[in-house]
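# Reading the structure
These are the residues of each chain, in order.
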Amino acid sequence: MEKSIPKCGKSERLQVLNQEKMDRISSLPDEILCHILSFLPIKCAVQTCILSSRWKHLWTSLPCLCFDDSLWFKDKRPGESTQDVLTRFANFVNKVLLFHSADINKFSVHCSEPNIYLTDLPPLKSWVSSAIERNVGDIELNHVYVDVLIELPDNICTCKTLEMLKLKLDFDFKIPTSRICFPSLKCLHAEMYYPHSTCITEKLFTICPVLEDLLIEIHLEDKHSVTNLNISSLTLKRLTLSLEKVLFSNTKHQVMIRAPNLEHLCIYDDTLVSYMVHELHSLTEVHFDIEFDKYFVEDLQEFDPPNIPADRMLQLLKGITNTRFLSLSAGIISALDCAFEDYIPTFPYLTYLKVEIEESGFRLLPIILRSLPNLGAMVV
């Protein structure tokens, strides 16, 4: 005879049901819950405070505070103006920073309406300062204001925890008189519109003691002003430089690069500025995308004498002869063709060449190949 299975009593069944209804997520440690919330938009993460008393204050310990006004525009109220939406967004940022009580790993502000003059918003300077006071490690500011020079707080230069800084806006701040700035900064991405401060372009990129990754985008417009960019670093490994000509720009801008440990170099330039390149002993990969057309360039008359484009390209090539990988745009070949004297520096270690050549530049190809004794592969 089969043995009957005893039935559970009422209390046992209730216990099983209670276990099934138990909120297992809420029983997790605060650190894990905050990590989960960090994957949500900050607006949604704050709204979890209404779930229960357990969740009421969790958002005040979020490690990442990433503010994006697109959610506010998505939920735009009937009859609400754009300025009203931006004001609500700013009030939310103020509230979060006021009640936040933990250190911040990442702080970012992104505005999806960059063409709006945000005159009534609280200054971004105070927001950044609040993040710095909470030992922030990563700051990203993207399209916050347009046509307004943003003054960042002075303590951003001395922040010991800041390792990554991305500024996609026109900014300025007081560089300390000492030679040390951003003591822990390893990655810096900066976009500047018609640089107003020579102190920023000539000093900032030389006084970061541990900088490894640098990306600079500069929009040049004023035909009567000259921008001198000085990049000198013993620790820099990756450099991306983009120079964009907006409307009118002169050809007297200068870029100086001195980085003995630089491995990767990318330059995008439609202005054909003057380059002074020194001590690039560790280069392995170089990309040059320089726009120049001797037949169609509008300000060719500014190159006096006319062989200046070729001289500038040769000067740039002389500084990168240690590289193993080299990519050249058609504009470089066109510039060299302005006054070419059958000379190009030797690249003893180059094994891979990628070059764009238009019909008029093919006569230079044999001259280039003679300067590459160890070339293994070429893409045209």
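Anyway, here's the lowdown on the structure attached to this text. (Residues numbered from 1 in each chain as written. Predicted model: local features only at pLDDT ≥ 70, side-chain atom pairs only at ≥ 80, totals over all residues. Heavy atoms only, no water.)

## Focus: the nonpolar core
Counting 106 residues, the largest nonpolar core has Phe107, Phe182 and Leu265 as the members making the most contacts within it. Here this core gets 8 residues from one element, more than from any other, and that element is helix 5 (residues 82-99). When neighbours within four sequence positions are excluded, Leu265 is seen to be in contact with Leu239, Ile257, Leu280, Leu283, Glu285, Val286, His287, Phe288 and Ile320. (Core = buried A, V, L, I, M, F, W, Y, C linked by side-chain atoms within 4.5 Å. Buried < 20%, exposed > 50% of the residue type's maximum accessible area, 1.4 Å probe, protein only. Helix = DSSP H or I, 4+ residues; strand = E, 2+ residues; numbered from the N terminus. Contact = heavy atoms within 4.5 Å.)

## Digging into the packing of aromatic side chains
The tally for this structure, following the rule as stated, stands at 5 aromatic pairs. Judged by centre distance (5.2 Å) and plane angle (75°), the rings of Trp72 and Phe89 are edge-to-face. Here Trp72, found in helix 4 (residues 70-74), pairs with Phe89, found in helix 5; they are 17 residues apart in sequence, far enough to count as distant. With relative accessibility at 3%, the residue Trp72 sits in the buried group. Taken together through their ring pairs, the aromatic side chains of Phe67, Trp72, Phe89, Phe92 and Phe107 make up a single cluster. The lysine or arginine in question, Lys43, covers the ring of Trp72, its NZ or CZ lying 4.7 Å from the ring centre. (Phe/Tyr/Trp six-rings, centres within 6.5 Å; stacked < 30°, edge-to-face > 60°. Lys NZ or Arg CZ within 6 Å of the ring centre and 35° of its normal.)

## So, the sheet that holds strand 11 (residues 254-258)
Ordered by their spatial adjacency, 3 strands build an open sheet running 9-11-13, and the pairing between neighbours is parallel. Two strands in the sheet have a free side with no partner beyond their single neighbour: strand 9 (228-232) and strand 13 (274-278). Neighbour to neighbour, the strand axes of the sheet diverge by 5° on average, direction disregarded. Note that strand 11 and strand 13 share 5 bridges and pair parallel. Each bridged residue has a counterpart across the sheet, and for Met256 the counterpart in strand 13 is Met276. (Pairing = 2+ DSSP bridges. Axes fitted to C-alpha atoms, helices over the stretch in contact; angles between N-to-C directions.)

## A few points about helix 6 (residues 124-133)
Judged by how many residues are buried, helix 6 sits mostly within the fold: 7 of 10 residues are covered. Three or more residues of helix 6 are buried, namely Leu124, Trp127, Val128, Ser129, Ser130, Ala131 and Ile132. Buried residues along helix 6 sit against helix 5, strand 2 (106-110), strand 3 (138-142) and strand 4 (150-151). In the stretch just after helix 6, Asn135 is the one whose phi turns positive, near 60°.

## Quick notes on the pairing of strand 15 (residues 325-328)
Sheet topology places strand 14 (residues 285-290) next to strand 15; 4 bridges connect them, and they run parallel. Within strand 15, the residue paired with His287 across the bridge is Ser327. Pairing geometry for strand 15 and strand 16 (residues 352-355), over 4 bridges, is parallel. Bridging across to strand 16, Phe325 finds its partner in Tyr352.

## Some thoughts on the pattern of salt bridges
In the structure shown here, the tally under the stated rule is 5 salt bridges. One salt bridge connects Glu151 with Lys125, and the closest N-O pair in it is separated by 3.5 Å. Of this pair, Glu151 sits in strand 4 while Lys125 sits in helix 6; the two residues are 26 residues apart in sequence, bridging distant segments of the chain. On the basis of relative accessibility, which here comes to 32%, the residue Lys125 falls in the partly exposed class. (Salt bridge = Lys/Arg side-chain N within 4 Å of Asp/Glu carboxyl O.)

## Regarding the environment of Ile200
With respect to the helices and strands, the residue Ile200 is situated in helix 7 (residues 198-203). As a C-alpha pair, Ile200 and Asn228 span 28 residues in sequence and 9.9 Å in three-dimensional space. Residues contacting Ile200, with those up to four places away along its chain left out, are Phe171, Asp172, Phe173, Ile175, Met192 and Phe205.

## Things to note about a negative patch on the surface
Negative charge collects at one region of the surface, where Asp289, Glu291, Glu356 and Glu358 lie side by side. Tracing the sequence through the fold places Glu291 in the loop between strand 14 and helix 8 (308-318). The class for Glu291 is exposed, based on a relative accessible area of 55%. (Patch = residues over 30% accessible without salt bridge, like charges linked within 9 Å, V, L, I, M, F, W, Y side chains within 5 Å. Areas by Shrake-Rupley, 256 points an atom, 1.4 Å probe, with all protein chains shown as cover. Lys, Arg positive; Asp, Glu negative; His and termini not counted. Charge placed at Lys NZ, Arg CZ, Asp CG, Glu CD.)

## Thoughts on helix 5
Because the α-helix completes a turn every 3.6 residues, residues three or four places apart line up on one side. The first and last C-alpha atoms of helix 5 sit 26 Å apart over 18 residues, in line with the 26 Å expected at 1.5 Å per residue. Buried within helix 5 we find Val85, Leu86, Arg88, Phe89, Ala90, Phe92, Val93, Val96 and Leu97. (Expected span 1.5 Å × (residues − 1).)

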